[in-house]
Amino acid sequence: MMEIRDTIAAIATGLTDSGIGIVRISGSDAVRTGNEIFRSPAGKKILCSAVDHMLYYGYAYDESRDFVIDEVMAVTMRAPRSFTGEDTVEIQCHGGVLVMRKILEAALKNGARLAEPGEFTRRAFLNGRIDLSRAEAVMDVIRSQNDYALSSSVNQLKGMLSEEIKRLRSGILYEVAFIESAIDDPEHFSMEGYQEALSEKVKALTGRIRKLIDTAENGRLIKEGIDTVIVGKPNVGKSTFLNCLVGEERAIVTDVAGTTRDVLRETVRLGNICLNAVDTAGIRETEDTVEKIGVKRALKYACDADLVIYVVDASVALDENDREIAALIGDKKRIVLLNKSDLVNKVTEEDIENLFAESSSGSGEREFTIVKTSLRENMGVEEFEQAVKEMFFRGEIKSSNEIVITNMRHKKALEEACESLALVEKSLEEGMPEDFYSIDLMDAYASLGRIIGEEVDDDLVEEIFSKFCMGK
C-alpha cells in the first residue's frame, strides 16, 4: 500500500439543487477534519469515537463563524475499509449548491485541500483497492446511456475483465518460468516435446484474447453510441425522420427544398441502442453558397459514420443526385428509408438494389436494408429500429455475464499481446532458441498488464484520471 498522503475533500454529488448532497473527505486526517465540522444534536464532536460505517444524525458547523450550516448525516469509513483505502468521512446534507459549498469550505478550513478530478478513484487505484480497468469502469458506470452499457460497466467494476486478464497472464508466466528453469537446469527440466505443447498453449491463449477483441466493436457502439448520418436529396423527409426519432420537432420541416443547410445533432435512444444522429443538408447540385457548404458537410459526415440512413422519396423517380449519394455511401452500413410509401410509388425496392449495384465499384460493398416508411403517418419507425438491431447486433441486445471490451485502450493492449504471441508461434515454427520464446511471451505479459495497471507509467495514470468528474 502507498503511503497515505494529504487529506482531500470535494462535493461528491452533482453541483445542482437536488434532494441530497454528499461532501467526501479522504486521507490520514479525514476523521479529525470531519470531527471539526460535525456535531451531535447535543452539540458534541463525536466522529473521532464514532462506530465505523454507521450513520450519525447531527449538524454541520462552520466553527470559525459559530454557524450552523445544515442538518446532516455523517459516516466514518476507516482504512482500509473505504473506497479509497484511506480514512474517509462522508457528510450527507440537503442538496442545495450553497449548502454543499459551505460544508466543503468548512472542510478546507480544517486542513483538507480541494481534490483534483478523479483523485478519490486514483487513490483507490494507487492504494490497491481496485486495478486500473476497474477504476475506468467507475466512469463508464456514471456515463452509461443504456442498460447494456451499464451491465457491461458493472461487470468490469466487479472485476470480470481483471480476473480474465490475470488468468491469461498467469498462463503466460507459467510458460516463461518453465523455459527459464529448463535453460538454467536442463537436468531436471526436459524440453523434449515442449515446443509442440507450447504451440498448442499459445494458440489457446491467442484464441481467448481474440474472443475478447471481437467484442470490442459492439462494445464501442453500445458504450459510445452508433454515429449515424441521415442523408438524401432535399425535401425527402430527413428532418421529419429525425423528429420522429427524437419525439419532438427539433428540425425545421417545410415544403421548401433546402430548408436544412447545416448539420443538426441529436442523441436518440432506441431501446438499448443509442444513435448519435446527424441530420444534414439535402444533397443536390446548387448555386446557393450557404447550401453548398451544407452539402459539403453532409458528404464529410457520411464518410465518417458507422451507419448512413439514406432517405428516398418513393413518390419521385431516382435521378443523378441519387446516383451520387449511392456512390458515396456504397461502402457503409446503410438503411434505406423508402419514404412516402403511402403515395403512388415511382421507386421500388428493386430500383434501390439496382442503384447500389450500378454505383458499386465491386469492392468494399457493405450490407444495406430497405425499410418502407410514411413518416407523416409515423409508419415504419419500429421496423427501422429492428433493422438497426439486425445490422449491428444480429437482432438482439441483452444484458449478460460475458466480458465485453468497451475501452479502446484495452483493445489496443489485447492486440499488442496477440502480436507478441504470434511472434512466439513464428519462433516455434522456425526452430529458434528457447530464449526467443521468453522475450515475446514477456512482451505479451506486459501488454496485458497495461489493462489492469501493472505495466503503466505515471503519465498514463494522470491522463486517465484527469477525465473523471470532480468528487469521484
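Residues numbered from 1 in each chain as written. Predicted model: local features only at pLDDT ≥ 70, side-chain atom pairs only at ≥ 80, totals over all residues. Heavy atoms only, no water.

A.B. asks: Would you mind showing me how to read the overall build of the chain here?
C.D. replies: Secondary structure assignment for the chain yields 16 helices and 13 strands. Looking at the chain residue by residue over its 472 residues, the buried ones come to 49%. In the chain, the proportion of contacts linking residues at least 24 apart, taken out of those at least 6 apart, comes to 69%. When the accessible area of the chain is evaluated, it comes to approximately 22,600 Å², of which 50% is carbon and sulfur surface. (Helix = DSSP H or I, 4+ residues; strand = E, 2+ residues; numbered from the N terminus. Buried < 20%, exposed > 50% of the residue type's maximum accessible area, 1.4 Å probe, protein only. Contact = heavy atoms within 4.5 Å. Areas by Shrake-Rupley, 256 points an atom, 1.4 Å probe, with all protein chains shown as cover.)

A.B. asks: Where do I start with the packing of aromatic side chains in this structure?
C.D. replies: Note on aromatic pairs: each is described by the distance of the centres and the angle between the planes. Using the criterion set out here, one finds six aromatic pairs in the structure. For the pair F241 and F384, a centre-to-centre distance of 5.0 Å together with 90 degrees between the ring planes defines the contact as edge-to-face. Here the residue F241 occupies a position in helix 9 (residues 238-246), and F384 occupies one in helix 13 (residues 381-393), the gap between them amounting to 143 residues. For the pair formed by F241 and F384, the shared burial category is buried. Centre to centre, the rings of Y310 and F356 are 6.3 Å apart; their planes meet at 75 degrees, and the pair counts as edge-to-face. Here Y310, found in strand 11 (residues 307-313), pairs with F356, found in helix 12 (residues 349-359); they are 46 residues apart in sequence, far enough to count as distant. Of the residues examined, Y310 reaches a relative accessible area of 0% and is grouped as buried. Through a chain of ring-to-ring contacts, three or more aromatic side chains come together here, namely Y310, F356 and F368. A cation sits over an aromatic face here: R39 above Y61, 4.0 Å from the ring centre. Sitting above the plane of the F392 ring, K333 keeps its charged end 4.6 Å from the centroid. (Phe/Tyr/Trp six-rings, centres within 6.5 Å; stacked < 30°, edge-to-face > 60°. Lys NZ or Arg CZ within 6 Å of the ring centre and 35° of its normal.)

A.B. asks: What am I meant to see in the sheet that holds strand 10 (residues 273-279) here?
C.D. replies: Note: strands within a sheet are paired through backbone hydrogen bonds, in either parallel or antiparallel orientation. The strand order across the open sheet built from six strands is 9-10-8-11-12-13, with neighbouring strands paired in mixed fashion. Of all strands in the sheet, those bounded by a partner on one side alone are strand 9 (264-270) and strand 13 (368-372). Averaged over all neighbouring strand pairs, the angle between strand axes comes to 25 degrees, with direction disregarded. Direction of pairing for strand 8 (residues 226-231) relative to strand 10: parallel, over a ladder of five bridges. Within strand 10, the position partnered with D227 by the bridge is N276. (Pairing = 2+ DSSP bridges. Axes fitted to C-alpha atoms, helices over the stretch in contact; angles between N-to-C directions.)

A.B. asks: Where do I start with the pairing of strand 10 in this structure?
C.D. replies: For a regular strand, the rule is simple: side chains alternate between the two faces of the sheet. Most of strand 10 sits out of view: six of its seven residues are buried. Hairpin connection from strand 9 to strand 10: two residues lie between these consecutive antiparallel strands, with G271 at a positive phi of about 65 degrees.

A.B. asks: Can you help me understand the pattern of salt bridges in this one?
C.D. replies: For side chains bearing opposite charge, pairing can occur when the charged atoms are close. Applying the stated criterion across every chain yields a total of 30 salt bridges. The residue D322 makes a salt bridge to K233 at a minimum N-O spacing of 2.8 Å. With D322 in helix 11 (residues 320-328) and K233 in the loop between strand 8 and helix 9, the pair connects residues that are 89 residues apart, well separated along the chain. Look at D322 and you get buried, because its relative accessible area is 1%. Each of D6, E86, R113, E119 and R123 takes part in a single network of salt bridges with overlapping partners. (Salt bridge = Lys/Arg side-chain N within 4 Å of Asp/Glu carboxyl O.)

A.B. asks: Can you help me understand the side chain of N35 in this one?
C.D. replies: Topologically, N35 is positioned in helix 1 (residues 30-37). Engagement of the side chain of N35 in a polar contact is seen with the backbone nitrogen of C48, the distance being 3.2 Å. With near-sequence residues (within four places) excluded, N35 lies in contact with K45, I46, L47 and C48. (Polar contact = N/O pair within 3.5 Å; in protein donor to acceptor, adjacent residues only side chain to side chain.)

A.B. asks: What is the right way to look at the packing of helix 3 (residues 119-126) against helix 16 (residues 458-466) in this model?
C.D. replies: When two helices pack together, their arrangement is given by the angle between the helix axes and by the axis-to-axis distance. Where helix 3 meets helix 16, the closest approach of the two axes is 9 Å, and the angle between their N-to-C directions is 140 degrees. One finds that helix 3 runs oblique with respect to helix 16. The two elements helix 3 and helix 16 cross, and the hand of that crossing is right-handed. Listed contacts from helix 16 to T121, R122 and F125 of helix 3 are V461, E462 and F465. (Parallel < 35°, antiparallel > 145°, perpendicular 65-115°, else oblique. Left-handed = near helix turned anticlockwise from the far one by under 90°.)

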